[in-house]
Structure formats: structure tokens, C-alpha cells
Amino acid sequence: MKNILFDCVPFEDKIINGGAIYTEIVLRELIKQDVKIYGIAFNIDNVSTTIKNFFSENNIELFSIKSGINNIVEKYNIDTFFVGISQRYNCVDLTDISCRIVIVCHDLFDFSMSNSNIDSDYLKHLFLIKQQKLKFAKLRCYKILLKKIIKEKSILGKEMNNQQLIQKFGYQNFSKLISKENVNLVTVSEYSKNAILFYFPSVKNEIKVLFPPLIQREHDVCKEMEQFTTKSYFLLLSANRYNKNIYVFLRQFEKFNSMHGNKFNAIIVGLEDVNTNNTICFKSLSDKQLGYLLSNCYALIYPSLVEGFGYPPIEAMEVGKPVIAAYDTSIPEVCGDGALYFNPLYREDLFLQENKLINDYESYVEKSKRQFIIVSKKQKEDLIKLIDYIMEK
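Cut-offs applied
Residues numbered from 1 in each chain as written. Predicted model: local features only at pLDDT ≥ 70, side-chain atom pairs only at ≥ 80, totals over all residues. Heavy atoms only, no water. Helix = DSSP H or I, 4+ residues; strand = E, 2+ residues; numbered from the N terminus. Buried < 20%, exposed > 50% of the residue type's maximum accessible area, 1.4 Å probe, protein only. Contact = heavy atoms within 4.5 Å. Areas by Shrake-Rupley, 256 points an atom, 1.4 Å probe, with all protein chains shown as cover. Lys, Arg positive; Asp, Glu negative; His and termini not counted. Salt bridge = Lys/Arg side-chain N within 4 Å of Asp/Glu carboxyl O. Polar contact = N/O pair within 3.5 Å; in protein donor to acceptor, adjacent residues only side chain to side chain. Expected span 1.5 Å × (residues − 1). Phe/Tyr/Trp six-rings, centres within 6.5 Å; stacked < 30°, edge-to-face > 60°. Pairing = 2+ DSSP bridges. Axes fitted to C-alpha atoms, helices over the stretch in contact; angles between N-to-C directions. Parallel < 35°, antiparallel > 145°, perpendicular 65-115°, else oblique. Left-handed = near helix turned anticlockwise from the far one by under 90°.

**Student:** Give me the overall build of the protein chain: which residues, what numbers.
**Tutor:** On a plain count of helices and strands, the protein chain comes out with 15 helices and 13 strands. Taken over 393 residues, the protein chain has a buried fraction of 56%. Of the contacts formed within the protein chain by residues at least 6 apart in sequence, a portion of 68% connects residues at least 24 apart. Here the protein chain displays about 18,500 Å² of accessible surface, and carbon together with sulfur accounts for 49% of that area.

**Student:** Before we move on, can you summarise unusual backbone geometry with the specific residues and values?
**Tutor:** Not every positive phi belongs to a glycine, and asparagine 278 is a case in point at roughly 60°. Considering the arrangement of structural elements, one finds asparagine 278 in the loop between strand S9 (265–269) and strand S10 (279–282). Notably, threonine 329 is not glycine yet its phi reads approximately 45°, a positive angle. Looking at threonine 329, the relative accessible area reads 24%, which means it is partly exposed.

**Student:** An account of the side chain of aspartate 7 is needed here, citing residue identities and associated values.
**Tutor:** If you trace the backbone, aspartate 7 turns up in strand S1 (residues 2–7). The charged side chain of aspartate 7 is buried without a salt bridge, its nearest counter-charge being arginine 88 at 7.4 Å. Side-chain polar atoms of aspartate 7 contact the backbone nitrogen of glycine 84, separated by 2.8 Å. If we skip the residues at most four places from it in the chain, aspartate 7 touches Thr23, Ile40, Phe81, Phe82, Val83, Gly84, Ile85 and Tyr89.

**Student:** Pulling in residues and values, what's your account of helix H14 (residues 347–359)?
**Tutor:** Helix length check: H14, at 13 residues, gives a terminal C-alpha distance of 19 Å against a target of 18 Å (1.5 Å per residue), a fit within 8%. Taken together, the buried positions of H14 are occupied by Leu350, Phe351, Gln353, Glu354, Asn355, Leu357 and Ile358. Of the surrounding secondary structure, the elements contacted by the buried residues of H14 are strand S8 (233–236), helix H10 (246–259), strand S11 (299–302), strand S12 (323–326), strand S13 (340–342) and helix H15 (361–391).

**Student:** Summarise helix H1 (residues 18–30); cite the residues concerned and give the values.
**Tutor:** Taking 1.5 Å of rise per residue, the 13 residues of H1 would be expected to cover 18 Å, and the 18 Å separating its terminal C-alpha atoms lies within 8% of that figure. Three or more residues of H1 are buried, namely Gly19, Ala20, Tyr22, Thr23, Ile25, Val26, Leu27 and Leu30.

**Student:** Requested: an account of the packing of aromatic side chains, with residues and values cited.
**Tutor:** Under the defined criterion, the tally for this structure stands at 27 aromatic pairs. Ring centres of phenylalanine 111 and phenylalanine 200 lie 5.7 Å apart, and the angle between their planes is 50°; this geometry places the pair in the tilted category. In this pair, phenylalanine 111 sits in helix H4 (residues 109–114) while phenylalanine 200 sits in the loop between helix H9 (190–199) and strand S7 (208–209), placing the two residues 89 residues apart along the sequence. In this structure an aromatic cluster arises from ring pairing among Phe234, Phe249, Phe253, Phe256, Phe264, Tyr298, Phe351 and Tyr361.

**Student:** Got a sec to walk through the sheet that holds strand S5 (residues 100–104)? Specific residues and values, please.
**Tutor:** Reading across the sheet, the seven strands line up as S3-S2-S1-S4-S5-S6-S7 and stay open at both edges, with parallel pairing between neighbours. The sheet terminates laterally at strand S3 (61–64) and S7, the two strands that pair on one side only. Bridge count between strand S4 (residues 80–83) and S5: four bridges; the pairing is parallel. Its bridge partner lying in S5, phenylalanine 81 is registered against isoleucine 101. Across the sheet, H15 is in contact with S1, strand S2 (35–41), S4, S5, strand S6 (183–187) and S7; its angle to S5 comes to roughly 150°.

**Student:** I'd love a proper account of the packing of H1 against H15, names of residues and values included.
**Tutor:** For the pair H1 and H15, the least separation of the axes is 10 Å and the interaxial angle reads 70°. Viewed along their axes, H1 and H15 adopt a mutual orientation that is roughly perpendicular. Read as a crossing pair, H1 and H15 show a hand that is right-handed. Of the residues in H15, those in contact with Tyr22, Ile25, Val26, Glu29 and Leu30 of H1 are Leu383, Leu386, Ile387, Ile390 and Met391.

Below, the structure is given as C-alpha cells:
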């Protein structure tokens, strides 16, 4: 029997994200093997009730990192320590751990945005200005701050080298860890693999590329959401995250909609409100509500500036909905021929693709369905490969 120390830090997050879902699916698949699992978290009290119940049902012990990871490794004869989201451990030095470590790095979006003429600090402050609807005096202060950011370390400044980026984003421990012989790095796309190699050329072992597992979501009738779906609508998700680039859509939507007789709504998940006509906002939704919105949308708009993989387009494709997505990072690798693509910096390019979709809607529905068959097959195969990889001696 193999002894696995399993990372439960992603389950401490208050907001569910793709990395946490990924980690939970791995946990539920791993328990089916001939294995003894031990869990570890920064704060056990913060671990989700769902995971705590799962641990209780399966007699899995859950430890605090304060107990000392190496102490747990030695006491319970741990063979492999699995880390589901590498960035959660940037504050911890894992280089003295003697057992095999399998660590998943989904993306390096901070590095990519900071080093590619799209500075994340600049975008974040711009996002906050729009979100909080600041009064003029506060807005003026933010503009001064933005100018200072741009001048000192942003798109108009000198490009940072790898070591400066590692220092800026706190990846010193990660950099040391992946150069160790006992550390095996997994990522979710060829794009992410090459981003890691670009910024961390000293990685010791070959990086394993495995698509993340398919998300199982309900798509049944949801009575409380029916009132919002009587009109055809475009769906946008995770709008509370500035790198999801929601405003490229909002800047063109009213013009596009007026051209088509205002027959569309936009449903935006992640925001409380936006100052745009024909929009419905939800700060957060349950899985059932989200599944319902995906099943009934006209199309998913995915203008993200950077993705390690990107779950939402595949979820839309699963229910046969067209996808209009940014042509950048991992998105074309995952969406293949199943999406319409646009440059995420140009609202008129998104406007163009929306009009293309209207003019040939059914063909894009079929392309979406075909791409889901291709990707979901790989996701299922890669989950098996990942479990086998974790179980290796």
C-alpha cells in the first residue's frame, strides 16, 4: 500500500476555483487506489465542510502544516506528497522533504501579464476604479498612482528579467524546489509547460503535461433562474478577476446589441453591477445555478488575457453552446477548432466575431460539440495518467 500526503490547502479557499475543483477530483480518484491518504492544510478550520466530511467518511487524518511536513513524512512513511496548486506553497520551503513530490503548476499568469506589455498592477487598479465607482477626488488619486506604477515597473518601463520576476511574485521557494531530483512537476497545457521552462529553465525533471479532469456539473431545470433567461443572452464568468478582461466586452456590447434590435442580454457572474444596458449581474452562484445558465446561454464569451487551461469554454461546449474566446496563451490549444477567436485587446474584433456567430450560428454549435468530444476524451485519459503518475514508486 502506498502512503500519500495530500495537499488540502486549495480547500481552504472561500471561493471555488478551477484549481480547487481539480484537486478535489484527484483526491476522489486517488482514494479508489490501494493507498493510504493523509491530508495537510495551513488552517484545518478553514478546510471546506465537504472535504472534512469526505475525510471523516474515509478515515483520513488531516494535519496542520505547523506540525512540520517532514515530521509527517517520516512518521507515516510517506511515499509521495501531492500538491494540487503550487503557488499556495510559495511561502513554504519544501526542499528538505525527503519523499517524492508531485506538484501541479497550472499557470504563471502574473509573470505573463507583467512581462508581456500588460502589467497586472496597472490592470488591477484600473479594474478597481471601474468596480468601486470612485468619486472624482479618489479617481484623481488613483490616476496619479497609475502613472507612478507605469513609470516605475509597468508597460513603459524596463522589462524585468527572470530573477526580478521571481522576486516580485515570491517564487523563490518554487524555483529552488523544482530543481530538486525528487520533485516531479505537472502542468495542464503545453502553453503552461513552456511558460514554466521560459521563466524557470533550471527545472530538473521533465514536466508532465496532462489536461485537468472534466468538471461534473448539474444542468437541470433551476426555477429561480428562469426569470433571467427569457431573452437570449451572452454569458461571462469570473468577472471579479481583472485578468478575465470583462471590460473589452462591455465596451462594445451596447453598440453590437443596438445593431441587432437589443434582442440580447449579457449575464455576468462575479460582479454586483455594471453601468451597461441589457446586463444582469450576479456576484456569485451555486453550481446548479451556473450549470443552468451554461445550458441556456446563446454563447459563452471568454475574453481572458491569460489561461493555464481554462475550464469555462469546455463546460459550454459540453452543453453544445458556441464559444467566443480570446486567441491567447492556452485557449487555442484547448478550444481548437471549436471556438471563434478574437484579439482580447480589441473590442472591434470581438464585435466582428459576435456578428460572425449570428450569421452562422448552427455551424458553430456543431463545432463546439465536436471539440468537446475531443477534449473530454483527453481529459479522461489524462486523469488516469495523473493517478498512475502519483502512484509511481
